[in-house]
Amino acid sequence: MQEILVLDSVAEAHQFLGLPNPSHPLVSVIRTTDMHFKQLTESVRLRIDLFQIWMKEGADCEFGYGRSTYDFKEGTLAFIKAGQVITADSHEFNPKPDNYLLLFHPDLIRKSALGENIKEYGFFDYETDEALHVSEAEQKALLDIIQKIEWEIQHPIDRHSQRLIVNSIELFLDYALRYYDRQFFVRTNRNQEIVGRVEKLLQKFFESDDLIGKGLPTVKYLGENLNMSPSYLSDMLRKETGRNAQEFIHHALLEKAKNQLLGSTDPVSQIAYDLGFEYPQHFSKLFKSKTGLTPLEYRNQN
């Protein structure tokens, strides 16, 4: 089995990329034209315990990421969370002069509001083919922020440095969130098609005769069947329907449950089992949390 090389510090990432020691121990802005991927020709598997933000439009390179291949020709921005494993191939890496890689260690943000909120930026969990496309003007605005971070890193560290760097990273992520929201909006026709596919997928799942054995559908199950990451799917559904993927599943589940409660005389416990719940009390708890009534109260009132 191929060994995984772990890079768990900015200094180790610099060493791997053939760069001088970093100016700051927890964060680095790297111009991709300075990188030297000597080890990548060996198809090395890397686990990088750093957050990565790539500005990489037009770069000629591919990475294995999860179960798919990341073509760096696609999109302008890519976000990879700490701890992900990537595999590089032997493709030559030919970035543009204004392509950058921002690396930062989780310790940089642990004591800040961003440390608590980083999970709200769902695009760190998107698949690589769900990269962000931005306009030339938007790319310039983001580049200005990157260069401000670079300037801070290159100057002596003082008591203001970390706060200013973290605030700039958060500003960058907020702009990216805005642009992703816009990207969902302009693709509304395609998104509506996906919503329809999700509905049919759930309908087919709940019509199965083996729900007891299969259990409840998961967001991961939907994503795998639609070739989308769970986070991207959830964000897209929220924009289109006001419900994230988990809420979408619960809505379909409750519609099925209501039909069975009113269309049969089966005990609530049997209906729970039929819907894939291992424990009937979990079904009752979910039903009441969403409707304000227990399953039995709903049946009696209707």
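Let us look at the structure shown here. Bear in mind the structure is a predicted one, so any value in this text is a computation, not a measurement.

### Looking at helix H7 (residues 219-226)
Next up, step 1: Along H7, the residues classified as buried are Val219, Leu222, Gly223 and Leu226. Down the axis of H7, the buried side of the element spans an arc of 95 degrees, and every buried residue falls inside it.
Next up, step 2: Once H7 ends, the next one or two residues include Asn227, with phi positive near 55 degrees.

### Some details on the nonpolar core
Next up, step 1: Counting 68 residues, the largest nonpolar core has Phe79 and Leu173 as the members making the most contacts within it.
Next up, step 2: Setting aside chain neighbours within four positions, we find Phe79 in contact with Gln52, Ile53, Phe123, Phe124, Phe172, Leu173, Ala176 and Tyr180.
Next up, step 3: Val10, Ala13, Trp54 and Ile86 belong to the second largest nonpolar core, which has 17 residues in total.

### Here we look at the packing of aromatic side chains
Next up, step 1: According to the stated counting rule, one finds 17 aromatic pairs in the structure shown.
Next up, step 2: With 5.6 Å between their ring centres and 80 degrees between their planes, Phe79 and Phe124 make a pair best called edge-to-face. Of this pair, Phe79 sits in strand E7 (residues 77-80) while Phe124 sits in the loop between helix H2 (113-117) and helix H3 (136-154), placing them 45 residues apart in sequence.
Next up, step 3: Measuring from centroid to centroid gives 5.1 Å for Phe205 and Tyr221, while their planes differ by 65 degrees, and the two rings are edge-to-face.

The rules we used
- Residues numbered from 1 in each chain as written.
- Predicted model: local features only at pLDDT ≥ 70, side-chain atom pairs only at ≥ 80, totals over all residues.
- Heavy atoms only, no water.
- Buried < 20%, exposed > 50% of the residue type's maximum accessible area, 1.4 Å probe, protein only.
- Helix = DSSP H or I, 4+ residues; strand = E, 2+ residues; numbered from the N terminus.
- Arc of directions from axis to C-beta.
- Core = buried A, V, L, I, M, F, W, Y, C linked by side-chain atoms within 4.5 Å.
- Contact = heavy atoms within 4.5 Å.
- Phe/Tyr/Trp six-rings, centres within 6.5 Å; stacked < 30°, edge-to-face > 60°.

Coordinates in, geometry out; function isn't part of it.
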